[in-house]
Each structure stands twice: as C-alpha cells, then as structure tokens.
Amino acid sequence: MAGEVHTNNPAIKDIVRLESVSKVYQQGQLEVRAVDNVSLEIDTGDFCALCGPSGSGKTTVLNMIGGLDVPSSGQVWLENHNLARLSRSELASIRRDRIGFVFQAYNLIPVMTAYENAEFVLRLQGVPESECHEQVMMILDEVGLKGMEHRRPDEMSGGQQQRVAIARAIVTRPAIVLADEPTANVDSATADALLDLMQKLNQEDGVSFLFSTHDQRVMDRARRLIRLRDGRIESDEARR
Amino acid sequence: MKLISLAWRNVWRRKRRTLITASSIGFGVLLSATFTGMALYMYGNMIDASASTGFGHITISAVGYNKTPTLDKRISTTDELREKLIREQGVADAMVRIMGQAMFASAVKSVGGMFLAIDPSQETEKYNLLIRLIKQGNVFTDKDGTGVVVGNKLAEKLNLKLGKKLVYTTTDVNGEIVSEIARVSGVFSTGVAEIDGGLVLLPIDRVRNVLGYEKDEATLLAVMLDNQRKADDIRHRLSEKLDLKRQEALTWRDTQADLAGMITIDGASNYISQLLVALLISAGVLNTLLMSVLERTREFGVMMALGMSARQLFKLVLFESVWLALIGLVVGVMITSPWYWYLDVYGLDFSAMLSGEDYSVAGVLVDPIVRVKLYIETVVIILSVVFTLAILSGVYPAWRAGRIPPIESLRNI
C-alpha cells in the first residue's frame, strides 16, 4: 500500500482522522466551499453522527472518509493510510476490506438475492464460496433476515432491503461503517428497528459507525454528535 | 456470486433489448453464411465446370504450353503417365487430350474455333461437361473415327445437322496446313456462347494422324480431383512423377487465369460487403452495451464504493459482451440452419435474371440455380469473427464503466 503510515501516534485508537480538510466545488463561475477546514477523529467503537441541515457538508465528509471523494486541501487518514497517497486500485481495496457503506436508498444490486448481495463484498475479497456461506448466513440471521436469503430486492420491503445493506456492510468486519442517511427512506418503526440493530452490532461486535443524518432518532442514539453548518464543525459533543 | 454469473443475469435485465441485439448478431451470421456459402458454391461450380471443358483441375503439359499453346508443344507416353497419376490419392480421373485451334468449314461457311481431341473410352459425362450436355446424337465411340461433336451455335452458323460433313483445318507439328473431314455425330449446348459457337470435340487418334503426333502423344493430360481445393497440394505431389525438364503440372489457377482473377476480385468484394455487415453488428452490440453501462452508472458507483476495482468492473461488462455474443451465435445458428438446408436442397433460381440463354461468367458456365457450400473451416471462421467482433464491441463500454469516478455515480443517488 502506497499510503503513508501515520507516525505521530503509533498506538492509533482513532480509525479516521481528518486534518484541516476542505472541499471546494466549482459551480459555473461560483466557488462552493462544501467543507471548510474540518479536523476531527473518529475512534474505534464510536457510534457517531454527523448532523446538520442540507448542504452542511455531511455527505461530502462521509465521501472523503470513504475515499470516494478527494479533499481540495488537508488530509484524510483511515487507520494508517493517507488516502491522498493511494492509487485507485488501492482505494478500492481499502473500501472493500476496511469500510462498510450503507446508503440512504439501500442500493442493493437488483439481480442478486439477499444472500448474494450480502455475500458480494466477500466474493470481491476472493473468499471461497464455502467459507462465505457460513459468514453470510450468520450475518443474515443477525440482521433478522433468516429465511429471506433467496428474495430479490424487489421482493422485500424498504426496511428489509436496508437490513440487507447493513449485512453487506458488516459481513467483512470492516473498521468502520459509513451510513449516509440510513433511516431516511423507511417508516419510523423500521427506522427504530434498524437503529436497534446497528446499536447492537456496535455494542456487541464493536463495529464503529459514522452516520450522516438529520433524523432526530439517530441523533438521540449517537454517543457522539458532530454538528456541521456551512461546511464547518459547529459543535462536537460526546454523550452518555 | 462469480462475475460471469452476474454478467449473465445483467444481460437478461432487459430481455427485449438482449434478444434484439442477439438477433442482429444472428442475422449477421445468416448473411455472412449465405454470402460466403453462395460464393463458395458458385466458385466451386465454375472451377469444376471449367475443368471439365478442357484442362482439368490440374493440367500436365509440355513446359511453356500454358503460355504459348502451340501444337508443337506436346507430351509423350501419355497413357503410361495417365495410369501412374490415376492411382494417386485425391485424383478422381485423368484424360489424355489434344487442344488446339482450327478452322471449321461446311458447304456454306467457315469459322475459326478450338478443338478438343478426346479418347471417348477415357471420357465420362461426370468429367466432361460437353458430353454431359449433348442435346442431339451421341459422342463418337471410335477414337480413330470421323465423328465430331459440335456446339449448337456452331451448328447453326455452319448449317450443320447430325451426319453432315465438317472440314477442319489446322497446322501440324511441322507448321504445314492440314485438313480432315468429319461427320457430325452429336450437338451439345452449354449455354455459354463462346463454347457453343467455337468448340468442337474430335477423336484423338484421328487428330494425332492429322497433326503428325506419335501414338501416345498429346498436348495435355487433364487431371480431375475429388476436391478441387486440394489442387495445390496434389500438384506438388504429381510434379514429383514428372520429367520436369519437359513437363509441368499446373493448377486451374494457372490454366484458367481469367476465372482465378474473377474469383479473387469477387472474393474481395464479398469480404467488403461482409465487413459492412460486421460493422453493423458491432455498432448494435456497442450501442446495447453502452446504453446498459450508462443506465447502470449509479449501480457501478455503488459497486466501486463497496470495493469493486475498475478492472473487475471492466471484466464484468466484458463478460456481458461475451454472453451477448454467445447468445447471438446461438440465435445465428438457429436461424441459419434451416435457411442453409433450404438453399442446399432447393437453391435460389436466378435463371430469370440471366440474359438469354448465356449462363456464363468469365467465359465459364455457371449454374443459374445458386446453392450454398460451406466448409467446416469457413463456419469456424464466420462464427469466430462474429464472436470476436461482438466482444471487441464491448471493450469501450467496459473500459468506460471502470473509468466513471464512483463519486460521480453516487451523486445521482
């Protein structure tokens, strides 16, 4: 891996570190500063929410942590890797092995069953089919989808699809799950059930979560709440 | 799930579009097989027809006879040579012949033409088109007799009928002008004006006498093959049996240069039309895959966010083009097989499109009912080319899929 090793703190407890990160978009003649000089650290085992109004820069921060977007200035570190130093294929490997993504619109692959969607990243990792089976069945059981493994996305409700997406995100035991508005497209009962599930995975399995949200339910459950406004951190509070 | 299985499912996402694209590939196979099959049938037919009106698929003659065919250039011990060659593998038959120019005269008129002196005991309908196409009378049976078989056009010109006298005049081995009288025993009609109006079959021993040839001398030995496509190989083999200082073995390409040239040019134009068909197929596949890639930009963004590399994405889309190509080939074989069978058994009758009664191209008789002939290697080439083109058409969409930055795709989510 070509990324630099973070030497300042060898016993890293922070999975993610943003150092003076800014992101500027050009919209015609206009320069839009989506993220403005943000520095923050996310620790192992965090259950953290980035909140703020639309356009505050939540998703942009999440995308930069996930190596999907590149900061205009500053550095993003994931575990020991400076993401700016990684090639496209190295970033793909980091995303595959160390990050789980949960999207607002589930984004399951429509031609795959629940089982195959959950298995997808493991197969990208090259895990043999026989080894995948046990892991996938266990995860599907954990997210409450036992018996639904053969259903395709169009045969499942929104909540069920988001459970599959969560199973897909955590099946490889990533360092962190980045969840972009995971409860936005489901009803409140389903949202609560999904949050219960993610909280359980965080507490019992130690999976770190970073949400971008403006859902009060998510904010209420987050152990750390980072408020963004106009691309800057307005507040960063640890709770409970 | 393996990429190849995922590609298979992706191909069937839009069934109608896949079937339309597969049909266009299949139609390409049909067109290619039809054009190639018809051309190969026609070429084979013309080569066989040309061979059976004179020189054979391989001609054994005196060195230089092909360039300047004069009657003083002759080969000897032809019967012995014939016996030797006829035993060679791939040789179906061999006929001793004398070919030359002569003036033919009746009581009313005289015209110039060619004569082909044959030994009737060696000739068969199968390998002598003129005998096969005798419409009146019969071929002479005595190789030292006075019988003669003429074309119907020549008979018309000279006002000849069966049993009527014909005088032929030519130059002998010493350059002296010599003549002989013959009587018409048969009239053939090939449909080729050049042959029907200027070629005459004569008995070989009588012609030998007229020309001053020895008993077993002739201008050529026409060798007929089981398969004309092996002419070059067999020619090499036969050459080993010859006295190469005096004799040479030539294929129909050498003796029928006009025909060979026509086939080469026609083959080239056939390749050009097939190239256009291939471009149309490629454009169809390219369009389908490009649309399919653009439609799934968001999905590819998700896949890349989940850790799929550009290379894996490239492979996925390329596998889709492989499946599309294979489905297209299956469709192609399914629609081409019954069509090929029909053309092979019944053929297409183009006689109404040919002018008058002349069914000739480059002076060679063509069958107005066009059938098809494909060889295994031709089928393999057609399928391979179509398959390869269909896959190559997938390269750009596959490359493009992997080049879309995931963030661009995810912005749409």
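Treat the numbers as computed from the prediction; the structure is a model and nothing was measured.

Calculation notes
- Residues numbered from 1 in each chain as written.
- Chains lettered and ligands numbered in written order.
- Predicted model: local features only at pLDDT ≥ 70, side-chain atom pairs only at ≥ 80, totals over all residues.
- Heavy atoms only, no water.
- Helix = DSSP H or I, 4+ residues; strand = E, 2+ residues; numbered from the N terminus.
- Rg over C-alpha atoms; globule rule 2.2 N^0.38 Å.
- Contact = heavy atoms within 4.5 Å.
- Areas by Shrake-Rupley, 256 points an atom, 1.4 Å probe, with all protein chains shown as cover.
- Phe/Tyr/Trp six-rings, centres within 6.5 Å; stacked < 30°, edge-to-face > 60°.
- Buried < 20%, exposed > 50% of the residue type's maximum accessible area, 1.4 Å probe, protein only.
- Lys NZ or Arg CZ within 6 Å of the ring centre and 35° of its normal.
- Pairing = 2+ DSSP bridges.
- 1 Å grid on protein atoms, 1.4 Å probe; cavity = no way out; pocket = protein on both sides within 12 Å on 5 of 7 lines; lining within 4 Å.
- Points joined across faces, edges and corners; volume = space filled by probe spheres on them.
- Nonpolar A, V, L, I, M, F, W, Y, C, P; charged D, E, K, R; others polar.
- Domains from an automatic or database assignment.
- Axes fitted to C-alpha atoms, helices over the stretch in contact; angles between N-to-C directions.
- Buried area = accessible area lost by both parts, 1.4 Å probe.
- Salt bridge = Lys/Arg side-chain N within 4 Å of Asp/Glu carboxyl O.
- Polar contact = N/O pair within 3.5 Å; in protein donor to acceptor, adjacent residues only side chain to side chain.

1. Overview of the overall build of chain A
Next, step 1: What chain A contains, in helices and strands, is seven helices and 10 strands.
Next, step 2: For 240 residues, the compact-globule estimate of 2.2 N^0.38 gives 18 Å, and the C-alpha radius of gyration of chain A, at 18 Å, lies within 12% of that figure.
Next, step 3: Taking contacts inside chain A between residues at least 6 apart in sequence as the whole, the part at least 24 apart equals 70%.
Next, step 4: For chain A, the computed accessible surface area is about 10,200 Å², with 44% contributed by carbon and sulfur atoms.

2. Remarks on the packing of aromatic side chains
Next, step 1: All chains considered together, the criterion is met by 10 aromatic pairs over all chains.
Next, step 2: Measuring from centroid to centroid gives 5.8 Å for A:F101 and A:F103, while their planes differ by 5°, and the two rings are stacked. Here A:F101 matches A:F103 in class, with each residue buried.
Next, step 3: Measuring from ring centre to ring centre gives 6.2 Å for B:W339 and B:Y342, while their planes differ by 10°; the resulting arrangement is stacked. Here B:W339 and its partner B:Y342 are both found in helix α12 (residues 310-345), three residues apart, which amounts to about one turn of the helix.
Next, step 4: Members of the aromatic cluster, connected to one another through ring pairs, are B:W339, B:W341, B:Y342 and B:Y346.
Next, step 5: Cation over ring: B:R74 sits above B:Y213, and NZ or CZ is 5.3 Å from the ring centre.
Next, step 6: A cation sits over an aromatic face here: B:R229 above B:Y375, 3.5 Å from the ring centre.

3. As for the sheet that holds strand β4 (residues 73-78) of chain A
Residues and elements named next belong to chain A.
Next, step 1: In space, the four strands of this open sheet follow the order β2-β1-β4-β5, with antiparallel pairing throughout. Each of the sheet's edge strands pairs with one partner strand only, and the pair in question is β2 (30-43) and β5 (81-82).
Next, step 2: Sheet topology note: the strand β1 (residues 14-27)/β4 ladder contains five bridges and is antiparallel. Each residue of the ladder has a partner; that of L18, found in β4, is V76.

4. Things to note about the layout of surface pockets
Unfilled space is identified by rolling a water-sized probe across the atoms.
All names here are of chain B.
Next, step 1: If you add up the space inside the largest pocket, you get close to 830 Å³.
Next, step 2: Residue lining of the largest pocket: 32 residues in total, with T36, L40, Y43, Y271 and T378 positioned closest to the centre.
Next, step 3: Of all the secondary structure elements, the ones that give two or more residues to the lining of the largest pocket are α2 (15-51), α8 (231-239), α9 (252-255), α10 (257-295) and α13 (376-393).
Next, step 4: Among the elements that make up the lining of the largest pocket, the one with the highest residue count is α10 (10 residues).
Next, step 5: Of the residues in the lining of the largest pocket, the class split is 17 nonpolar, 11 polar and four charged.
Next, step 6: Structurally, the lining of the largest pocket is a two-domain feature, drawing no fewer than three residues from each of domain 1 (2-49 + 260-411) and domain 2 (56-252).

5. Things to note about the sheet that holds strand β7 (residues 176-180) of chain A
Residues and elements named next belong to chain A.
Next, step 1: Read from one edge to the other, the open sheet built from six strands follows the order β6-β7-β8-β3-β9-β10, with strand pairing classed as mixed. Each end of this open sheet is capped by a strand with a single partner; those strands are β6 (99-102) and β10 (232-238). Within the sheet, the average angular offset between the axes of one strand and its neighbour, ignoring direction, is 15°.
Next, step 2: With five bridges connecting them, β7 and strand β8 (residues 208-213) associate as parallel partners. If you follow L178 over to β8, its bridge partner there is L210.
Next, step 3: The sheet contacts of helix α2 (residues 88-98) involve β6 and β7, and relative to β6 the element is tilted by about 80°.

6. Let's talk about helix α7 (residues 204-211) of chain B
Residues and elements named next belong to chain B.
Next, step 1: Burial within α7 is extensive, with seven of its eight residues counted as buried.
Next, step 2: Looking at the buried side of α7, the elements it contacts are α3 (78-86), β2 (91-105), β3 (110-118), β6 (165-171), β7 (177-188) and β8 (199-203).
Next, step 3: Phi for G212, located one or two positions after α7, is positive at around 85°.

7. Structural notes on the interface of chain A and chain B
Next, step 1: Taken residue by residue, the interface counts 25 residues in chain A and 24 residues in chain B.
Next, step 2: With both sides pooled, the region where chain A packs onto chain B buries about 2,200 Å², and carbon together with sulfur makes up 62% of that total.
Next, step 3: Our count for the contact surface shared by chain A and chain B stands at one salt bridge.
Next, step 4: Across the pair A:E116 and B:R9 runs a salt bridge, and its minimum N-O distance is 2.5 Å.
Next, step 5: Inspection of the region where chain A meets chain B yields four residue pairs in polar contact (both at pLDDT 80 or more).
Next, step 6: Looking at the side of chain A that touches chain B, the elements with two or more residues in it are α2 and α3 (114-125) of chain A.
Next, step 7: Broken down by element, the side of chain A that touches chain B gets its largest block of residues, six residues, from α3(A).
Next, step 8: Each residue belonging to the side of chain A that touches chain B can be placed in one class, and the counts come to 13 nonpolar, three polar and nine charged.

8. Considering the environment of B:G347
Residue and element names in this part refer to chain B.
Next, step 1: Residue position: G347 is located in the loop between α12 and β11 (348-349).
Next, step 2: Under the relative-accessibility criterion, G347 is labelled buried at 8%.
Next, step 3: Separated by 315 residues in the primary sequence, G347 and S32 have C-alpha atoms spaced 17 Å apart.
Next, step 4: Excluding residues that lie within four positions of it along the chain, G347 makes contacts with Y342, I369, V370 and R371.

9. Side note on empty space enclosed by the protein
Next, step 1: Counted under the stated rule, the structure contains one cavity of 30 Å³ or more.
Next, step 2: Volume-wise, the largest cavity comes out at about 30 Å³.
Next, step 3: As for the largest cavity, its lining consists of A:R95, A:R96, A:I99, A:G100, A:F101, A:V121, A:R168, A:A169, A:T172 and B:L306.
Next, step 4: Sorting the residues of the lining of the largest cavity by element identifies α2, β6 and α5 (158-170) of chain A as the ones contributing at least two each.
Next, step 5: It is β6(A) that contributes the most residues to the lining of the largest cavity, three residues altogether.
Next, step 6: For the lining of the largest cavity, the class distribution of residues is five nonpolar, two polar and three charged.

10. So, the pattern of salt bridges
Next, step 1: Evaluated as defined, the whole model comprises 33 salt bridges over all chains.
Next, step 2: When the shortest N-O distance is used, the salt bridge between A:R232 and A:D36 registers 3.1 Å. Separated by 196 residues along the polypeptide, A:R232 in strand β10 and A:D36 in strand β2 bring together distant segments of the chain.
Next, step 3: Judged by relative accessible area, A:D36 falls into the buried class, the value being 15%.
Next, step 4: A salt bridge links B:R13 to B:E299, with the nearest nitrogen and oxygen atoms 2.7 Å apart. A residue pair is termed long-range when its members are at least 10 positions apart, and B:R13 in the loop between α1 (3-11) and α2 and B:E299 in helix α11 (residues 297-305) qualify at 286 residues.
Next, step 5: Assessed through its relative accessible area of 28%, B:R13 is described here as partly exposed.

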